[in-house]
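One letter stands for each residue in the lines below.
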Amino acid sequence: MSGTNGNTFKGAVLPFVFFEYNCNTSMKKFLLFFLLFSCMLLSTTKTFAQSADSLKVIVDSLSVKVATLEHDLAYLEIKININSLGADMEILSINVHRISTDFRVATLSKNKKEIVLLRKYHKSCEETLKIIKERIDFLQEIANSNKYLDLENYLDVSIRNMLFRYYNLKDTMSLVGELLN
């Protein structure tokens with residue numbers, strides 16, 4: 001057997017050569033393992049970075065969708081408030097006209113109890129009209145808040161319509177109030 005320096009030694013050099021051979025093989029295996037492990041770490045880091053980027057894109061996309069849904073919800077809430085207010089005004093208008101008609105009937109039949117009840121009912125309708133005015137004012141505050149710029153035209157037209165109906169209803173109620181007194 002020959003050693004690393006070309007000399008032939010029996011016994012004493014053999015363990016050194018075997019150790020040197022094993023050391024080179026072990027070192028090669030270790031370096032190969034370290035290289036593969038480093039590559040795996042780098043690819044895992046790269047994959048993690050890519051997945052973090054894709055998560056960021058998903059989060060941004062969902063944030064946009066949430067903002068759109070919040071805006072749509074606000075629009076629907078405003079629209080529901082306007083429609084509800086319009087329905088309440090219509091009901092109050094019908095009730096005021098009914099008070100007027102019932103008062104005429106009660107006057108012709110000389111039913112004083114009915115007239116007293118109609119006066120109380122008219123008072124409750126006046127309270128309802130005050131609440132309606134507060135709701136209109138609330139919608140005006142929303143329109144003036146600049147929070148819903150894209151709904152500005154819709155809100156302006158709706159509020160003008162509600163105010164027009166409110167003042168007509170207020171005038172009708174004051175005429176019926178004069179009639180009842």
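Note: the structure precedes this text.
Attention here is on the structure that accompanies the text. This one's a predicted model, so the numbers in the text were calculated from it and none came from an experiment.

About the cut-offs
Residues numbered from 1 in each chain as written. Predicted model: local features only at pLDDT ≥ 70, side-chain atom pairs only at ≥ 80, totals over all residues. Heavy atoms only, no water. Core = buried A, V, L, I, M, F, W, Y, C linked by side-chain atoms within 4.5 Å. Buried < 20%, exposed > 50% of the residue type's maximum accessible area, 1.4 Å probe, protein only. Helix = DSSP H or I, 4+ residues; strand = E, 2+ residues; numbered from the N terminus. Contact = heavy atoms within 4.5 Å. Patch = residues over 30% accessible without salt bridge, like charges linked within 9 Å, V, L, I, M, F, W, Y side chains within 5 Å. Areas by Shrake-Rupley, 256 points an atom, 1.4 Å probe, with all protein chains shown as cover. Salt bridge = Lys/Arg side-chain N within 4 Å of Asp/Glu carboxyl O. Phe/Tyr/Trp six-rings, centres within 6.5 Å; stacked < 30°, edge-to-face > 60°. Lys NZ or Arg CZ within 6 Å of the ring centre and 35° of its normal. Expected span 1.5 Å × (residues − 1).

Attention now goes to the nonpolar core. In terms of nonpolar packing, the biggest core is built from 28 residues, with Leu85, Met89, Leu92, Ile132, Ile136 and Leu155 touching the most fellow members. For this core, the secondary-structure elements that each account for two or more residues are helix H1 (13–108), helix H2 (112–144) and helix H3 (152–180). Leave out the neighbours within four places in its chain, and Leu92 touches Cys125, Thr128, Leu129, Ile132, Leu169 and Met173.

Now for a nonpolar patch on the surface. Taken together, the side chains of Leu55, Ile58 and Leu62 make up a nonpolar region of the molecular surface, amounting to roughly 290 Å² of accessible area. On the secondary structure map, Leu55 appears in helix H1. Judged by its relative accessible area of 51%, Leu55 is exposed.

It is worth spelling out the packing of aromatic side chains at this point. Evaluation of the coordinates by the stated rule reveals 1 aromatic pair. Ring plane angle 70° and centroid distance 5.1 Å describe the contact between Tyr166 and Tyr167, whose orientation is recorded as edge-to-face. The ring of Tyr166 is capped by Lys133, whose NZ or CZ atom sits 5.5 Å from the centre of that ring.

Under the 1.5 Å per step criterion, the end-to-end length of H3 is 41 Å for 29 residues, consistent within 8% with the ideal 42 Å. All of the buried residues in H3 are Leu155, Ser158, Ile159, Met162, Leu163, Tyr166, Leu169, Met173, Val176, Gly177 and Leu180.

Right, let's talk about the pattern of salt bridges for a bit. In total, this model carries 6 salt bridges according to the counting rule given. Between Asp137 and Lys133 there is a salt bridge, with its nearest N and O atoms 3.1 Å apart. Linking Asp137 with Lys133, this pair stays in helix H2, spanning 4 residues, or about one helical turn.

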